[in-house]
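# Descriptive structure summary
The chain contents come next:
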Protein chains: 4
Amino acid sequence: MFEKVLQEIYKESKLQPKIGEIATYIPELANVNPDKFGISLLTLDGEEINLGDANERFSIQSISKPLTLSLAFTFLGEKIWERVGVEPSGSPFNSLVQLEYEKGIPRNPFINAGALVIADILVTHLKNPKTNFINFLREISDINTLDYDLSVAKSEASTGFRNIALANFLKSFGNITNNVDEVLDFYFHQCSISMSCSELNKVFYFFANEGVTLNGKEILNRSQIKRMNALMQSCGFYDESGEFTYRVGLPGKSGVGGGIVAMLPKKFIVSTWSPRLNSNGNSELGMFALEQLTTKTGMSIF
Amino acid sequence: MFEKVLQEIYKESKLQPKIGEIATYIPELANVNPDKFGISLLTLDGEEINLGDANERFSIQSISKPLTLSLAFTFLGEKIWERVGVEPSGSPFNSLVQLEYEKGIPRNPFINAGALVIADILVTHLKNPKTNFINFLREISDINTLDYDLSVAKSEASTGFRNIALANFLKSFGNITNNVDEVLDFYFHQCSISMSCSELNKVFYFFANEGVTLNGKEILNRSQIKRMNALMQSCGFYDESGEFTYRVGLPGKSGVGGGIVAMLPKKFIVSTWSPRLNSNGNSELGMFALEQLTTKTGMSIF
Amino acid sequence: MFEKVLQEIYKESKLQPKIGEIATYIPELANVNPDKFGISLLTLDGEEINLGDANERFSIQSISKPLTLSLAFTFLGEKIWERVGVEPSGSPFNSLVQLEYEKGIPRNPFINAGALVIADILVTHLKNPKTNFINFLREISDINTLDYDLSVAKSEASTGFRNIALANFLKSFGNITNNVDEVLDFYFHQCSISMSCSELNKVFYFFANEGVTLNGKEILNRSQIKRMNALMQSCGFYDESGEFTYRVGLPGKSGVGGGIVAMLPKKFIVSTWSPRLNSNGNSELGMFALEQLTTKTGMSIF
Amino acid sequence: MFEKVLQEIYKESKLQPKIGEIATYIPELANVNPDKFGISLLTLDGEEINLGDANERFSIQSISKPLTLSLAFTFLGEKIWERVGVEPSGSPFNSLVQLEYEKGIPRNPFINAGALVIADILVTHLKNPKTNFINFLREISDINTLDYDLSVAKSEASTGFRNIALANFLKSFGNITNNVDEVLDFYFHQCSISMSCSELNKVFYFFANEGVTLNGKEILNRSQIKRMNALMQSCGFYDESGEFTYRVGLPGKSGVGGGIVAMLPKKFIVSTWSPRLNSNGNSELGMFALEQLTTKTGMSIF
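Residues numbered from 1 in each chain as written. Chains lettered and ligands numbered in written order. Predicted model: local features only at pLDDT ≥ 70, side-chain atom pairs only at ≥ 80, totals over all residues. Heavy atoms only, no water.

Opposite the 35 residues of chain C that make contact, chain D presents 34 residues. Regarding the contact of chain C and chain D, the summed buried area is about 2,800 Å², with carbon and sulfur atoms giving 52% of it. Contact with chain D buries surface across chain C, with Arg227, Tyr246 and Phe302 of chain C losing the most and accounting together for 31% of the total. At the boundary of chain C and chain D, one finds two salt bridges. For the interface between chain C and chain D, the tally reads 16 residue pairs in polar contact (both at pLDDT 80 or more). (Contact = heavy atoms within 4.5 Å. Buried area = accessible area lost by both parts, 1.4 Å probe. Salt bridge = Lys/Arg side-chain N within 4 Å of Asp/Glu carboxyl O. Polar contact = N/O pair within 3.5 Å; in protein donor to acceptor, adjacent residues only side chain to side chain.)

Below, the structure is given as structure tokens:
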């Protein structure tokens, strides 16, 4: 059913002018071919379509955030919101301003400050945080080759002054409870994971499938997973979340590696990868392709 | 199908502790009985349920904003976004701060500044703005008694210093093109309209019904109305839009008169009225009832 | 004693590149010859030096603010600080941001919001505010031709949307007690007064002379006038007060008409006029000339 | 000449109600007796008066900042302002907000961010930064026992998350050029130095004496030292600089250890110590005593 429309969108996308800049703040991201483009769609009925570079891995970066959040949510449930909010930030993803005005409670779990608080929670609740987390991703997807890219993680650690600043700032407010360096190490690793579009769909399957993974494990219940999706809708695209909601109308999450994952609950998951980013840090071509998808099919949450 | 669950929710709601304060900034709002509570649901199949004070009129206030926006959108289409944004504000509804940082372009059409810009657009495009607008509402709903409450409008004009400030501030940036007083007069009138929950559902019917009103008029096309709904989702509840999305999971709009209207596209529209407001200016009990509705039925957009 | 050094500075100033833009927000200011330049110095010993256009009148604009403040201070004394602060603002002169964060208490009496509060105080305490104020200036200077420029005042009233916004914003916080329009009318008039550099020195004489005017009237006592001077030092040059303090080292006040008045307490008063403004709204050449004066003579408060 | 008035002020000060809280963020500051009070005045004529605990050492903290600034100014001169501003901040001393809005250029050298930039400059220009700096202080004062308090420095390093955040934030903007940890180590040490009121006067002597130390060394020329004094006037008391200027009318610098140093150029230097701080982090009793001094003697810069 989606084959034809996706082929069409893929072709149109390839004809778009090449707009936007690749993320360059670490060498590993800067070395990527900016013209890569992949799109992958997986329906809950089992239909799967992969086009272009849909099977090539890239750095998922912030797309890891709904995954760490969901895992932390299994530990703390609604108590998690004592340490992080659920409101869109209206500020860039790495801003310290709002954090200061709001006394160390990040606006939401998808801005960097919020994700650092979530990382702190996982460092508290996991015995071997890095090992346990990657194993969690392998188990829910049956993709045993998923792994951290250690050169990316190392590179982020040596240049991530803004994130180091954020973590210490949170610590000054008491909203990091573990050793700052340990939390940062976990955070830099979670961002370094590589996946392909096709793999992202399998890992994120449970968000579209009422909390149940492709291999039948229930991660969160129906009511809980709705809340995770609601958060992606409100806050998944930095200070462009409203624009994505307006244009695309699906909950989702983007990363500065150029990836986007989005989903229509109970129907499908779709991932795109194109490294050229707009000024808000979201993939230019990915947003175009996803807008085409919901416009042509009329399938959005609205 | 909804009768039983709504009865249940109505009963539970009436048992909730009485939390929140009634809006008092104009005498007309302050005089309302704070314990009023109504809930009305209308499905696209034609089922209608009215409970409590569902047929008593109240001041719709900001609930008028999606209506003026939709009408302005029929005139300007996507060009409207040159004058107002689509992002959640992260600030109180009547804040001037963001407006200054962003050079007179309001964050979205549902904060007061944005609604004033929309009012300015209607003053430009309508021959007799106030008459034309109320007639528009009558025509789409077949409720010919809909009207402005002139004492409310007058009261807002004489005490609305913050709104007068906002309008002049916008004018200083060139984002009000008509006479400031004329725009304010229209704005104070649109906020003064009275409707009951049951009437709100009929007026807002086209948002749930792919752009087509209860009496068969197409106001906006399917793609356009999705965008209006997306905006209500992102920005409909001031700086609590994320919270409403998280808890309720439906696009909607609230007003300081205590009303809320929300909808599940293609399924139903639901309105609540309870004048006690939480600190963000949204109806405490209304949010509770709507959260119960989506939790109990599992029917939300996520 | 100052004749030679002032001649020197005057010549050097005339050779400076013509930098900066004339204020254009009202036609009356835009019509001024941007190359006008005058400098006038008056010592407490009675020496007076006038160079260039020192005897030509121009619109004093914000230079009126220490005058209204001093008059209001005679009515309220230290109680005045319940309604306005004494801290530099770190923001542009017409910003609304800080006002919102600080709940309607302007940072200091020299930003527009603060001057509007002072205007409100005068409207409360003067029987015929405009008449009484201009008479006050005539009496302390013996210059009976001082007057409002009604075309400037009218022009500001019809284009001063930002000030109208500020006044209504203050009113919404309860920090304007009189009718908003009456306060604005007074404010637009105080800014419209015309004086020459030479006249400014005579009017401001009491700031340098421990509170006593040129014709021997004590306006404020020694301790009080020190506080007025301290305020000019901290806050007299919008968000460039630190720069002026750093470069010039004298308390003073600037206006967008291109005038600056500054003083070395117990020694002299000096005024300059050059309509070209830097990006902070201060006279480019005036600041240059005054920096030369304190550097060449070594006479500053530091 | 000052003996009698200082005795008077000392007595009155001791009778004041005990207001304010001692700084507690590191144990070394929290352990100080909050009722300590010393005042020391040194005139350029050689008169010296020491009252109360004027000879007891305390942690000078931020009072070190004009000293590092002056030393850095000997290396870079006016070029220093490419990396830090001269404007009052209008924000708390350790705020990150303004830094973000202004792209990593701290508002002035006396807020923590600015002092970190100055520390970075000294780390660049000094061979053995810590040794060289303490030697500089010993040389200008002939007090060879001046030294770092290593337990204070260590304590600040282990709890100074906000300063670590600031330094990394500056580094992310490129405005720290050396290794972040090395700069922080220098900064924590400069703040840990102990001096008595009497010693502070000797060390700060050159600020009052046109750039020449008590033992005759010229650190900065007359014009340069005026600029240092101007900066202390504008920015020496965090977001209370206007208040200090208004009430006291002398350039000066405070520290959270409870010390204040102030000076009337060409006349005298005065230091006070009282550990109870007001909500802006300035010594409550110190400000009272200094206000009394300038009010009673009529000796201020205004």
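Residue-level contacts link 35 residues of chain B with 34 residues of chain A. When the two sides are added together, the surface that chain B and chain A hide from each other amounts to roughly 2,800 Å², 51% of it contributed by carbon and sulfur. Interface area lost by chain B to chain A is led by Arg227, Tyr246 and Phe302 of chain B, which between them contribute 31%. For the interface between chain B and chain A, the tally reads two salt bridges. One salt bridge connects Arg227 of chain A with Glu291 of chain B, and the closest N-O pair in it is separated by 3.3 Å. The tally of links from chain B across to chain A stands at 16 residue pairs in polar contact (both at pLDDT 80 or more). Where the side of chain B that touches chain A is concerned, the elements lending two or more residues are helix 12 (222-235), helix 13 (241-247) and helix 14 (284-297) of chain B. Among the elements that line the side of chain B that touches chain A, the one with the most residues is helix 12 of chain B, at eight residues. (Helix = DSSP H or I, 4+ residues; strand = E, 2+ residues; numbered from the N terminus.)

Along the chain, the position of Thr213 of chain B falls in the loop between helix 11 (205-208) and helix 12. Sequence-distant contacts of Thr213 of chain B, that is, excluding residues within four places in its chain, are made with Ile140, Tyr205, Phe206 and Ile219 of chain B.

On to the relation of the copies chain B and chain A, then. If you rotate chain B by 180° and push it 0.0 Å along the axis, it lands on chain A with an RMSD of 0.0 Å. What we have between these two chains is a two-fold relation. Interface residue correspondence from chain B to chain A reaches 97%, placing this contact among same-surface, isologous pairings. (Least-squares fit on C-alpha atoms with pLDDT ≥ 70 in both.)

The next point concerns the side chain of Ser234 of chain D. Here Ser234 of chain D lies in helix 12 (residues 222-235). Residue classification places Ser234 of chain D among the buried residues on the basis of a relative accessible area of 10%. Discounting residues that sit within four places of it in the chain, Ser234 of chain D has contacts with Gly242 and Thr245 of chain C together with Pro88 and Ser241 of chain D. (Buried < 20%, exposed > 50% of the residue type's maximum accessible area, 1.4 Å probe, protein only.)

Residue and element names in this part refer to chain D. Reading across from one edge, 2-1-7-6-5 is the order of the five strands in this open sheet, with antiparallel pairing throughout. With one partner strand each, in any of the chains shown, strand 2 (48-52) and strand 5 (252-254) form the two edges of the open sheet. With direction set aside, neighbouring strand axes in the sheet form an average angle of 5°. Looking at chain direction, strand 6 (residues 259-264) and strand 7 (residues 268-273) are connected through six bridges and run antiparallel. Paired with Val261 across the bridge in strand 7 is Ser271. Helix 14 (residues 284-297) rests against strand 1 (38-43), strand 6 and strand 7 of the sheet, and its axis sits at about 150° to strand 7. (Pairing = 2+ DSSP bridges. Axes fitted to C-alpha atoms, helices over the stretch in contact; angles between N-to-C directions.)

This brings us to the sheet that holds strand 7 (residues 268-273) of chain B. Residue and element names in this part refer to chain B. With respect to topology, five strands assemble into an open sheet ordered 2-1-7-6-5, the strand pairing being antiparallel. Only two strands of the sheet have a single partner each, and these edge strands are strand 2 (48-52) and strand 5 (252-254). Taking the axes of each pair of neighbouring strands and ignoring which way they run, one obtains an average angle of 5° across the sheet. Along the sheet, helix 14 contacts strand 1 (38-43), strand 6 (259-264) and strand 7; its crossing angle with strand 7, the most-contacted strand, is approximately 150°.

What follows is about the relation of the copies chain C and chain D. Rotating chain C by 180° and translating it 0.0 Å along the rotation axis places it on chain D, where the RMSD comes to 0.0 Å. When the interface residues of chain C are mapped onto chain D, 97% of them again fall at the interface, so both copies present the same face.

Grouped together as the largest cluster of nonpolar side chains are 144 residues, with contacts concentrated most on Trp81, Leu137 and Phe204 of chain B together with Trp81, Leu137 and Phe204 of chain C. Once residues within four sequence positions are removed from consideration, Phe204 of chain B is found in contact with Ile63, Pro66, Leu67, Val261, Met263 and Ile269 of chain B. Listed in part, the 142 residues of the second largest apolar core include Leu166 and Ala208 of chain A together with Ile143 and Ile219 of chain D. (Core = buried A, V, L, I, M, F, W, Y, C linked by side-chain atoms within 4.5 Å.)

Here the focus is the pairing of strand 2 (residues 48-52) of chain A. Successive residues of a regular strand alternate their side chains across the two faces of the sheet. Residues and elements named next belong to chain A. By the bridge criterion, five bridges tie strand 1 (residues 38-43) to strand 2 in an arrangement that is antiparallel. Pairing of Ile39 across the sheet is with Leu51, part of strand 2. Following strand 1, the chain reverses through four residues before pairing antiparallel with strand 2; Gly46 in that reversal takes a positive phi of roughly 105°.

Next up on the list: the packing of aromatic side chains. As enumerated under the stated definition, the model contains 48 aromatic pairs over all chains in all. On the numbers, 4.8 Å between centres and 10° between planes, the contact of Phe58 of chain A with Trp273 of chain A is stacked. Here Phe58 of chain A is found in strand 3 (residues 58-59), whereas its partner Trp273 of chain A is found in strand 7 (residues 268-273), with 215 residues between them in sequence. Classification of Trp273 of chain A as buried rests on a relative accessible area of 2%. These aromatic residues form a ring-pair network of at least three members: Phe73 and Trp81 of chain A together with Tyr246 of chain B. (Phe/Tyr/Trp six-rings, centres within 6.5 Å; stacked < 30°, edge-to-face > 60°.)

This brings us to the pattern of salt bridges. Under the criterion given, the structure shown has 61 salt bridges over all chains. Notably, a salt bridge pairs Lys18 of chain D with Asp35 of chain D, separated by 3.3 Å at the nearest N-O pair. Residue Lys18 of chain D is found in the loop between helix 1 (3-15) and helix 2 (27-30), and its partner Asp35 of chain D is found in the loop between helix 2 and strand 1; the two are separated by 17 residues along the sequence. What makes Lys18 of chain D exposed here is its relative accessible area of 59%. The network of salt bridges with shared partners includes Arg227 of chain A together with Glu243, Arg247 and Glu291 of chain B.

Attention now moves to the packing of helix 6 (residues 129-141) of chain A against helix 9 (residues 180-192) of chain A. Residues and elements named next belong to chain A. It is at 10 Å that the axes of helix 6 and helix 9 come closest, and there the two elements cross at 25°. As far as their axial angle goes, helix 9 and helix 6 are roughly parallel. In this structure, helix 6 meets helix 9 at a crossing whose hand is right-handed. Contact residues: helix 6 offers Pro129, Lys130 and Phe133, while helix 9 offers Asp185, Phe186, His189 and Gln190. When grouped by side-chain class, the residues that make up the contact of helix 6 with helix 9 number three nonpolar, two polar and two charged. (Parallel < 35°, antiparallel > 145°, perpendicular 65-115°, else oblique. Left-handed = near helix turned anticlockwise from the far one by under 90°. Nonpolar A, V, L, I, M, F, W, Y, C, P; charged D, E, K, R; others polar.)

Function cannot be inferred from these measures alone, as they are strictly geometric.
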